[in-house]
Amino acid sequence: MSSVVLDKVTKVYPGDYLAVDRLSLSAEDGEFLVLLGPSGCGKSTLLRMIAGLEEITEGDLWLDGQLANHLAPRERDVAMVFQNGALYPHRTVRGNIAFPLEIAKSDPSMVRERVTELSKALHIDETLDRRPGTLSGGQRQRVAMGRAIVRQPKLFLMDEPLSNLDAGMRTELRMEISALVRSLGVTTIYVTHDQVEALTLADRIAILNRGVLQDVGTPAQIYNDPATAFVAAFLNSQQLNLLAATVRTPQNQYVMLDFGPHRLTLPWSDPRAYAISQHTGGQVLVGLRPDSLTPVPESFEGPSFYGRVRTLEYHGHEWLAYLECGVPAVPVPEPPDPRLNRTNGEHAGEGKLTALMRRLFSSQEEPQDQEQVGQNTGSGIHRRSDLIVRLGNRPVWRAGDAAKVGVDLARLMIFTLDGARIDPPRR
Ligand code: ADP
């Protein structure tokens, strides 16, 4: 068992490529920490620096309270499982799992016992005498896991171990990894770009983008109380509704979010009201998950949006409705890219989205093309002016219907134009 502390760790690859930027993060003894983020955000680089396979350019790595920057990989007592579970093709399953113990010259009867025990836990005891070439992808990953666990490392590092498997096998192995790692109590750092894996496996999730740590917290903290619009959008199985609103405080009676054709009001007693009111006269971004909107009757007088149903989508376990309601939706703001030390003609220090919003609101026009609003916004873009509503398993509307949706005000997430939470979460 081991604790891991990363203190302002930076990785610059040859060619001056900044892959990880001053990242500070820790994993407690016995914790299952998931590194989540889009492809290329620096997750594997971080994991490889912890393993000692990649040099740390700046900053410190502490393993169990010991400065580990310059320790050789074998001195770190870590085991790593990769995406493709590379195995020795000419060794049997038994030979593969036993290998780390054999080179450590362990007692053969102990090796036999340990391999048998582990192969049972991993449900591969029937394959012990087979070669890797005759195994399924799922079985190969189990063997790779067995080989990593067998010598009971202090720290377990996994780099997308399930991403080459089909959906059914992923779910099965995911549950088994969770059970096995927890029963061993080994500190685990697990890299994935799959939010479901992150939510289901993690004690805590650290979200990265462009080499920068965006947020870290328990799955529930990150999902319900994300630090930025990027995090909210990334950790969302449906696309996030992200709407631009002007803040008003008419006669100081309440705080109003003015979406043009629609308005939502928050009483001063709302814990977010004061922070939002600091932006009176300015614009903010309002994030709404599709499941915080509910179809309501025409007569409903609570906080709501209205519009026309453009289309409905069947997702098996639920329906989604896309409502046209005349609100300009905006792309998810990405934090500034530390790799691009330039402003692209925008005001110095101003993000791309802030510049866009400034132009948008100053001209009162929507941007002309998706290219202009959508650059580098990853998975967060959704069609302009559509409000996505989760309907559950009954499609209460048909395309073309007039529709009204109630808004769960407690679940509004309010961000600055650069995507930071106006009421930053406490962790
Ligand atoms: P992730 O695991 O999140 O997909 P990586 O850590 O593999 O991301 O890569 C982060 C960034 O660093 C990527 O843009 C990748 O192209 C770059 N990168 C990774 N390895 C090297 C390398 N050996 N040399 C140069 N750039 C690299």
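Look up: the structure comes first, before these words.
Within every chain, residues take consecutive numbers counted from 1 along the sequence as written. Thresholds applied to this predicted model are a pLDDT of at least 70 for local features of residues and 80 or more for the giving and counting of side-chain atom pairs; totals over whole chains, interfaces and linings are not thresholded and use all residues. Based on all heavy atoms of the structure, the side-chain values leave hydrogens and waters out of the count.

**Student:** What's the story with the site of the ligand in this structure? I'm lost.
**Tutor:** What makes a residue near a molecule or strand is one non-hydrogen atom of that residue sitting within 4 Å of it. Tyr13, Tyr17, Ala19, Pro38, Ser39, Gly40, Cys41, Gly42, Lys43, Ser44 and Thr45 make up every residue found near the ligand. Pairing of N or O atoms within 3.5 Å defines a polar contact, subject to two protein rules: one partner must be a possible hydrogen donor and the other a possible acceptor, and residues neighboring in sequence count only if both atoms are side-chain atoms. Backbone polar atom of Gly40 to an oxygen atom of the ligand: 2.7 Å apart, as the coordinates give it. Separating an oxygen atom of the ligand from a side-chain N or O atom of Thr45 is a distance of 2.5 Å. Here, Shrake-Rupley sampling with a 1.4 Å probe gives the accessible areas, and only protein chains in the shown set may cover a residue. Contact with the protein chains covers 62% of the free accessible surface of the ligand, which is 560 Å². Numbered from the N terminus, helices here are DSSP runs of H or I no shorter than four residues, and strands are runs of E no shorter than two. Going through the elements one at a time, β2 (17-27) and α1 (43-51) are the ones with two or more residues in the shell around the ligand. Top contributing element to the shell around the ligand by residue count: α1, with three residues. Of the residues contributing to the shell around the ligand, the split by class is five nonpolar, five polar and one charged. Amino acids are sorted into nonpolar (Ala, Val, Leu, Ile, Met, Phe, Trp, Tyr, Cys and Pro), charged (Asp, Glu, Lys and Arg) and polar (every other residue, Gly among them).

**Student:** What exactly am I supposed to notice about the pairing of strand β11 (residues 241-248) here?
**Tutor:** If a strand is regular, its side chains alternate between the two faces of the sheet. Type-normalised accessible area, obtained with a 1.4 Å probe on protein chains alone, sets the label of each residue: buried when under 20%, exposed when over 50%, and partly exposed for intermediate values. For β11, the buried fraction is high: seven of the eight residues fall into the buried class. A pair of strands counts as paired when DSSP detects no fewer than two bridges linking them. Here six bridges tie β11 to strand β14 (residues 283-288), and the two strands are oriented antiparallel to one another. Counted as the bridge partner of Leu242 is Gly287 from β14.

**Student:** Help me out: how do you make sense of the environment of Arg48 in this one?
**Tutor:** Its place among the elements puts Arg48 in helix α1. Here the alpha-carbon distance between Arg48 and Met80, two residues 32 residues apart in the chain, equals 9.1 Å. Ignoring anything within four residues of it in the chain, the contact list for Arg48 reads Leu53, Glu54, Met80 and Phe82. Contacts are assigned to residue pairs with any non-hydrogen atoms lying within 4.5 Å of each other.

**Student:** I would appreciate a short explanation of the pairing of strand β6 (residues 78-81) in the present structure.
**Tutor:** Side chains of β6 alternate between two faces, with Val78 and Met80 and Ala79 and Val81 buried alike. Here β6 pairs with strand β7 (residues 155-159) via four bridges, running parallel. In the strand pairing of β7, Val78 is matched with Leu155.

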